[in-house]
Amino acid sequence: MPSEYCPSRHRTVRRLTRVVNVGGVGVGGDNPIRVQSMTTSDTEDVAATVAQAIRLAEAGSEIIRITAPNKAAAAALKEIRAKFRAAGFTQPLVADIHFLPAAAMEAVEHVEKIRVNPGNYADKKKFAVLEYTDAAYAEELERLHAAFSPLVLRAKELGRSLRIGTNHGSLSDRIMNRFGDSPNGMVESALEFIRIAESHGFKDMVLSMKSSNPKVMVEAYRLAVARMTELGMDYPLHLGVTEAGEGEDARIKSAIGIGSLLADGLGDTIRVSLTEDPWHEIPVCREIVRRAEALAALGAASTAALPADPADPFSFARRETETITLSTKCLAGSAETPRVIVRSVAGLADWQAAAKELLDAHAAQREVRAEGLLVRLDDVAHAAGLRSLRKALGQAVPALFVETTLSPADFPFDGDGCRLVVVKAFSAADGAEIKAWGEVAVKHDALLAVDLDGPTLTALAKELSAIPASRLILTSSQPQEGLHATGTCRELVRCAAAAKLKAPLWIRATVANSVLIDPGFQSRLLEASIHAGGLLVDGYGDLLSCETPATTAKSLTLAYDILQGARMRQTKTEYVACPSCGRTLFDIQSTTLKIKERTGHLKSVTIAVMGCIVNGPGEMADADFGYVGGAPGKINLYVGKTPVKFNIPQEEAVERLVDLIKEKGKWVEA
Ligand code: SF4
């Protein structure tokens, strides 16, 4: 098992890669992280595709991908490129190839880069279960060598580059049977192609390891880098979460997957896949890249080099933590799904407004509940407000989290209502104070959330160990010097493990934990997704708060949506929707919205909406139902990976999907 995948998990240090020249745009090395997108028009409609390419270039896409589903579409790239250049645009064009080497051989004549999917370049997918002997496997590889070599040799002659673009959803039967539908299988799939290219002395390659599941995606990229390092390879990475869908959910999933890898210093070019017009992808890419650049600047100003934290970065497992009781019906810790805390906007100065905010948020359309309300108490004059708020909320929220600078003697533990969690920042010199807080917490049946960093925890380990484990929460509201916020929590976990403390970790997406403090909810959404996502995919985090200046309802749903995006807690229908491309066989944007309208109230169902069957069955690996373009205007419906209804006219397909969900007993009325 490889051991290292990035220069530092605590500060951003960009991984050194070779520079791949993509038609004059350098990818990798010291080049900026490139942003890119893909046209969605029918490639053979040259005018429409040129118009989309121009719109993407004007929006800031530095590389533009176009699908080439057959030889005719690949041939159309010649005219597309000529017209695009004639319009004064210099951005390199990339042909996206699945299944057809002949299309790749045509496309390589016309565009600067070819993306091949190693899962289907020379393999017809039959989903066959076969036992390959070593000899049979070697024979398969020889066949692959013969099929892929002509493209490599022609790319070498013409100075083109290649992307070896592995998708979790479309691994070959050969790989599936030997390595499984796993990150390891994805890496091996790419390595087969890299080895063939290298056998011809060709190294102008970029790698991708995409999945619609950010956990799988992150694991696959980490594993790919670790394997490449072992093998002395330094290919740049193209990052993306496939089939992310649309709206805030898609932005959250992309920020979790792409943003957390960039924070670890991995990634040289990115694409955010949205089921929206493709130019909407570019501003999201830019915002994610801006944060990666800011993190890298901070990382470069530090020399911190810390020991590894206990997470296995290549295999997800939750950090084992104690169970704590927020209320009799709401426990937290690794045996539970992560809990959601929301920060009050009004605060104790207007406790009635604070109570109303929370109750309004609970009354909002989506049925998600805060499991803790966070307020600040620095002035004893507001103690009465705290008592009133606690009483007014009663059982509406399991616990009231009170961030305070008061002393234990001044803190108003008296009163009725929900449980109190005292949130207190400590420094290494606060041994006596932490002891006093531990004692009063026990006396008043309260919990204590200690806000500190790793070195402070180490200094206070003796006092912290004396507090009953069932009363303690660890958190960090600001980064340790020289580390980023995610690295600070990783170091906190390492120090906790060394001190044998199993207290749950509360992830706080605060302004202080942000790398860029831009106004607006979208900025908070990206910051929170990157920070919390990076920890959740490591298996860290038992409580989460997104402390945005937006309404309580917005901050509440953001935290739930991040947990859902990181596949840690499902509270609404999960959609896996492809971004569409020239292969798409129906209007995917309006169809996805229609499906969301009909099924959005189902809480434990995952539905895939795929424009065609290229990535369909595989990417739907963890979907319960699939709605997939089978032929123009015709839809196939899937249960899991199995197609069960074929060629349904598009106009009736949404209702037939609802029927299918009912038939399988997964339907509830709205
Ligand atoms: S699944 Fe969607 S994006 Fe992927 S090839 Fe098919 S239509 Fe294009």
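Definitions and limits used
- Residues numbered from 1 in each chain as written.
- Predicted model: local features only at pLDDT ≥ 70, side-chain atom pairs only at ≥ 80, totals over all residues.
- Heavy atoms only, no water.
- Helix = DSSP H or I, 4+ residues; strand = E, 2+ residues; numbered from the N terminus.
- Buried < 20%, exposed > 50% of the residue type's maximum accessible area, 1.4 Å probe, protein only.
- Polar contact = N/O pair within 3.5 Å; in protein donor to acceptor, adjacent residues only side chain to side chain.
- Expected span 1.5 Å × (residues − 1).
- Pairing = 2+ DSSP bridges.
- Axes fitted to C-alpha atoms, helices over the stretch in contact; angles between N-to-C directions.
- Contact = heavy atoms within 4.5 Å.
- Phe/Tyr/Trp six-rings, centres within 6.5 Å; stacked < 30°, edge-to-face > 60°.
- Lys NZ or Arg CZ within 6 Å of the ring centre and 35° of its normal.
- Salt bridge = Lys/Arg side-chain N within 4 Å of Asp/Glu carboxyl O.
- Disulfide = S-S within 2.5 Å.
- Core = buried A, V, L, I, M, F, W, Y, C linked by side-chain atoms within 4.5 Å.
- Parallel < 35°, antiparallel > 145°, perpendicular 65-115°, else oblique.
- Left-handed = near helix turned anticlockwise from the far one by under 90°.

A.B. asks: Help me understand unusual backbone geometry in this model?
C.D. replies: Peptide bonds are trans in most cases, and residues, glycine excluded, mostly fall at negative phi. Positive phi, close to 45°, is recorded for Glu243, a residue that is not glycine. Looking at the secondary structure, you find Glu243 in the loop between strand E9 (238-239) and helix H8 (247-263). Residue classification places Glu243 among the buried positions, given a relative accessible area of 4%. In this model, Lys500 sits at a positive phi of 60°, which is unusual for a non-glycine residue. Within the fold, Lys500 resides in the loop between helix H15 (485-498) and strand E19 (505-509). What makes Lys500 exposed here is its relative accessible area of 73%.

A.B. asks: Explain the side chain of Thr17 to me, please; I cannot follow it from the model alone.
C.D. replies: Mapping Thr17 onto the fold places it in the segment before strand E1 (20-22). Relative accessible area serves as the criterion here: at 8%, Thr17 is assigned to the buried category. Engagement of the side chain of Thr17 in a polar contact is seen with the side chain of Asp268, the distance being 3.3 Å.

A.B. asks: What's the story with helix H17 (residues 552-565) in this structure? I'm lost.
C.D. replies: Residues that lie three or four places apart on an α-helix share one face, since the helix turns once every 3.6 residues. Between its first and last C-alpha, H17 extends 20 Å over 14 residues, near the 20 Å set by a 1.5 Å rise per residue. Here H17 lies mainly inside the structure; 11 of its 14 residues are buried. The set of residues buried in H17 consists of Thr552, Ser555, Leu556, Leu558, Ala559, Tyr560, Asp561, Ile562, Leu563, Gln564 and Gly565. A positive backbone phi angle near 60° is found at Arg567, which sits one or two residues after H17.

A.B. asks: Is there a simple way to explain the sheet that holds strand E23 (residues 625-631) in this structure?
C.D. replies: Within a sheet, neighbouring strands are paired by backbone hydrogen bonds and run either parallel or antiparallel to one another. Ordered in space as E21-E22-E23-E24-E25, the five strands form an open sheet in which the pairing is mixed. Each end of this open sheet is capped by a strand with a single partner; those strands are strand E21 (574-577) and strand E25 (642-649). Across the sheet, the axes of successive neighbouring strands diverge by a mean angle of 20°, strand direction being ignored. Strand direction decides the pairing type here: strand E24 (residues 634-639) and E25, joined by five bridges, are antiparallel. Bridging from a neighbouring strand, Leu637 pairs with Lys645 of E25. Here helix H18 (residues 588-599) sits on the sheet in contact with E21, strand E22 (606-610) and E23, set at roughly 160° to E22.

A.B. asks: Looking at this structure, how should I read the packing of aromatic side chains?
C.D. replies: To describe a pair of aromatic rings, one takes the distance between the centres and the angle between the planes. Throughout the structure, instances matching the rule amount to 10 aromatic pairs. Taking the centre distance of 4.8 Å and the plane angle of 55° together, the rings of Phe411 and Phe413 count as tilted. The same class applies to Phe411 as to Phe413, namely buried. Taken together, the ring pairs in this structure connect Tyr121, Phe148 and Phe193 into an aromatic cluster. A cation over an aromatic ring shows up here: Arg178 above the ring of Tyr137, its NZ or CZ 4.2 Å from the ring centre.

A.B. asks: What exactly am I supposed to notice about the environment of Lys641 here?
C.D. replies: The residue Lys641 is located in the loop between E24 and E25 in this model. A relative accessible area of 34% means that Lys641 is categorised as partly exposed. When the C-alpha positions of Lys641 and Met620 are compared, they lie 6.3 Å apart, and in sequence the two are 21 residues distant.

A.B. asks: Even after reading the chapter, I still don't get the pattern of salt bridges, so can you show me in this structure?
C.D. replies: For side chains bearing opposite charge, pairing can occur when the charged atoms are close. Applying the stated criterion to the full structure yields 57 salt bridges. Put simply, Arg174 and Glu192 hold a salt bridge, and the shortest N to O gap is 2.9 Å. In this pair, Arg174 sits in helix H5 (residues 173-179) while Glu192 sits in helix H6 (residues 183-199), placing the two residues 18 residues apart along the sequence. For the pair formed by Arg174 and Glu192, the shared burial category is buried. Note that Asp360 is salt-bridged to Lys356, the shortest N-O span being 2.7 Å. With Asp360 and Lys356 both in helix H10 (residues 351-363), this residue pair falls four residues apart, about one helical turn. Taking the relative accessible area as the measure of exposure, Asp360 reaches 40% and is therefore partly exposed. One network of salt bridges, in which partners are shared, links Arg9, Arg222, Asp264, Asp309, Arg490 and Asp538.

A.B. asks: It is not clear to me how the state of the cysteines should be interpreted in this structure. Could you clarify?
C.D. replies: The final tally for this structure, using the stated rule, is zero disulfides. Distance from the sulfur of Cys489, which forms no disulfide, to the nearest cysteine sulfur (Cys495) is 12 Å. Exposure remark for Cys489: the relative accessible area of 1% places this residue in the buried category.

A.B. asks: What am I meant to see in the sheet that holds strand E5 (residues 93-97) here?
C.D. replies: Strands sit in the order E8-E7-E6-E5-E4-E3-E10-E9 across an open sheet of eight strands; the sheet is parallel. The open sheet terminates on both sides in strands that have one partner only, identified here as strand E8 (205-210) and E9. In this structure, strand E4 (residues 63-67) lies alongside E5, joined through four bridges in parallel fashion. Within the sheet, the bridge partner assigned to Arg65 lies in E5 and is Val94. Of the strands in this sheet, strand E6 (113-116) and strand E7 (161-167) are in contact with helix H4 (residues 134-158), which crosses E7 at around 145°.

A.B. asks: Explain the nonpolar core to me, please; I cannot follow it from the model alone.
C.D. replies: Counting residues in each nonpolar core, the largest one holds 162 residues, and the members touching the most others are Ile114, Phe148, Ile270, Leu400, Leu457, Leu464 and Ile562. The dominant element in this core, judged by the number of residues it contributes, is helix H7 (residues 214-230), at 10 residues. Look past the residues within four positions of Ile270 in its chain and what remains in contact with it is Ile33, Arg34, Val35, Gln36, Leu239, Ile258, Leu262, Cys285, Ile288 and Val289. Core analysis: the next-biggest nonpolar cluster, separate from the first, contains 29 residues, Tyr575, Val609, Val628 and Trp667 among them.

A.B. asks: Would you mind going over the packing of helix H9 (residues 281-300) against helix H16 (residues 521-536) with me for this structure?
C.D. replies: Packed helices, taken two at a time, are described by their axes: the angle between them and the distance between them. The geometry of H9 relative to H16 is characterised by a closest axis approach of 11 Å and an angle of 55° between their N-to-C directions. The orientation of H9 relative to H16 falls into the category oblique. Relative to H16, the crossing made by H9 is right-handed. Touching Glu287, Ile288 and Arg291 of H9 are Ser523, Leu526, Glu527 and Ile530, all from H16.

A.B. asks: What exactly am I supposed to notice about the side chain of Thr275 here?
C.D. replies: Here Thr275 lies in the loop between strand E10 (269-270) and H9. A relative accessible area of 4% places Thr275 in the buried class. A distance of 2.9 Å separates a polar atom in the side chain of Thr275 from the backbone oxygen of Cys578. Filtering out sequence-adjacent residues up to four positions away, Thr275 remains in contact with Gly245, Glu246, Ala577, Cys578, Pro579, Ile588, Gln589 and Thr592.

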